[in-house]
Structures are given as structure tokens and as C-alpha cells.
Amino acid sequence: MMQIREFHWSDTPRIIEMIDHVWHLDQMFGNKTNGMIFSQEYFYDVLNHSTQVFVSFHEQELTGFIALNIQGHDYLTIPQQYQDMLDHQHSDFHKINSYRQKIKEYHQDCSSLFQQIHQKYDAEIVLFIVDEKYQHQGIGTRMYTFSEDILKEQGCQNYMLYTDSMCSFSFYDAHQMKLLASYQKEKDFTIYLYGKEL
């Protein structure tokens, strides 16, 4: 039976591995090591932009992860031991900086999309991911519904999220989210901005 609880810092390695696996980052960046480095950089960036984070479990195995950013709430603080792990994960600082630049450029593209819609939102789903092994089993829907309940409890009237053509963005269409804007960055890569009223 699936359970959802708050994120524990000890979940970090499993989530980093999940991001690498679901997004096939080893293929994107040439090998498993580079994929894991980018996954960790991206995950820590997500945490720096999140106020609440939850994970799902099935029979003691972590199956999914969802990060929320609720306006007016404090961002998470990364404990020093995990920050040290990030800072010393690899000796190739040029590669690390190039990955961080990719993440920065993605944020800039997202900000440009947001400026097109001329609307404010109370919250954002920063990252939502389900392990490939557990997809199409209703886990994503349960986590998504759980997050909407959290947002309602916090008094949010609406929320938004960014996704892209590498992800299963049709999931959001199926859950009555509205496509607000899109940006085709490359021939085979498009960023989407979705929103929904609660």
C-alpha cells in the first residue's frame, strides 16, 4: 500500500538516483557519473526553491517525490553535511559549472514564459517525479491529489508548474490543468507552463 510522508534528508541519494533514471541523464550527459552529477545539482536546486517536500513509498521503497513552493513560506535549508557533499562531489569544477549554467538558463526560460501570462499564482509544483517502475499504477495521481489538498489547506487559490517535452506533460492535461504558455527552445525540446485554479 502506498504511503506519503514528508521528505527526510536521508532520502536524498535515492531521489538523485531516481531523477537520473527517469530522465535518462546518463544518455544525455554521456555516462552514469555525469548523469548523477547533474541529477544531484538539479535536485539541490529544486530544494533551494521549495518550501515543502513529500515522498511516496510502496512496501518500504521510495516511489515518488513532489516539491512545493508556497508563497509566503520559508524555503528549505540544506543541512551543512549535504551541502558539503554537493560541493565536493566531483573534481571537475568546469563541468559542474557548465551544469549549473544549464540549470540557470532553464530558470531564465521559465521566467520569460511566466512574464507572458501576466498573472500571479499562490504556489508552484517545483518538481514532481515518479519512478518509472511505478508509473501507470495510480501513484502519480495520488501524489498529485495529495499536493492539491496541501495547497488548499494552506489557503492557496491557484498554482502553477513548469514541465517540458522530456516529461509526461499529458498527465497535467488529464488532471484539468490549463496550458498557459510554451517555448520551443530546441527542435525537440519545448518548455510548458501550466496553471490551475483550486
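Quick note: structure is the one above.
Quick caveat: nothing in here was measured; it's all calculated off a predicted structure. (Residues numbered from 1 in each chain as written. Predicted model: local features only at pLDDT ≥ 70, side-chain atom pairs only at ≥ 80, totals over all residues. Heavy atoms only, no water.)

## Quick look at the packing of aromatic side chains
Rules: Working definition: rings of Phe, Tyr and Trp (its six-membered ring) pair if their centres are within 6.5 Å, and the pair is stacked with planes under 30 degrees apart, edge-to-face with planes over 60 apart, and tilted otherwise. Helix and strand assignments follow DSSP, with helices taken as H or I runs no shorter than four residues and strands as E runs no shorter than two, numbered in order from the N terminus. Partly exposed describes any residue whose relative accessible area lies between the buried limit of under 20% and the exposed limit of over 50%, with all areas from a 1.4 Å probe on protein chains only and scaled to the type maximum.
The tally for this structure, following the rule as stated, stands at 17 aromatic pairs. Ring centres of Y144 and Y159 lie 6.5 Å apart, and the angle between their planes is 65°; this geometry places the pair in the edge-to-face category. With Y144 in helix α6 (residues 139–153) and Y159 in strand β5 (residues 158–164), this pair connects stretches of sequence that are 15 residues apart. You'll find Y144 and Y159 in the same group, each marked buried. Centroid distance Y172 to Y194: 5.9 Å. Interplanar angle 45°. Geometry classified as tilted. Here Y172 is found in helix α7 (residues 170–174), whereas its partner Y194 is found in strand β7 (residues 189–197), with 22 residues between them in sequence. Judged on exposure class, the residue Y172 and its partner Y194 are both buried.

## Considerations on the packing of helix α1 (residues 12–22) against helix α3 (residues 32–48)
Our working rule: In this analysis an axis means a line fitted to C-alpha atoms, helices contributing only their contacting stretch, and an angle means the value between N-to-C directions, from 0 to 180 degrees. If you view the pair so one helix is near and one far, a crossing is left-handed when the near helix is turned anticlockwise from the far one by less than a right angle, and right-handed when it is turned clockwise. What makes two residues a contact is simply this: any of their non-hydrogen atoms within 4.5 Å. Three residue categories are used. Nonpolar comprises Ala, Val, Leu, Ile, Met, Phe, Trp, Tyr, Cys and Pro, charged comprises Asp, Glu, Lys and Arg, and polar comprises the others, including Gly.
Where α1 meets α3, the closest approach of the two axes is 8 Å, and the angle between their N-to-C directions is 115°. α3 is crossed by α1, and the crossing has right-handed handedness. Contacts from T12, I15, I16, E17, I19 and D20 in α1 reach K32, G35, M36, S39, Q40, F43 and Y44 in α3. In terms of residue class, the contact of α1 with α3 is made up of six nonpolar, four polar and three charged.

That's the geometry; what it means functionally is another story.
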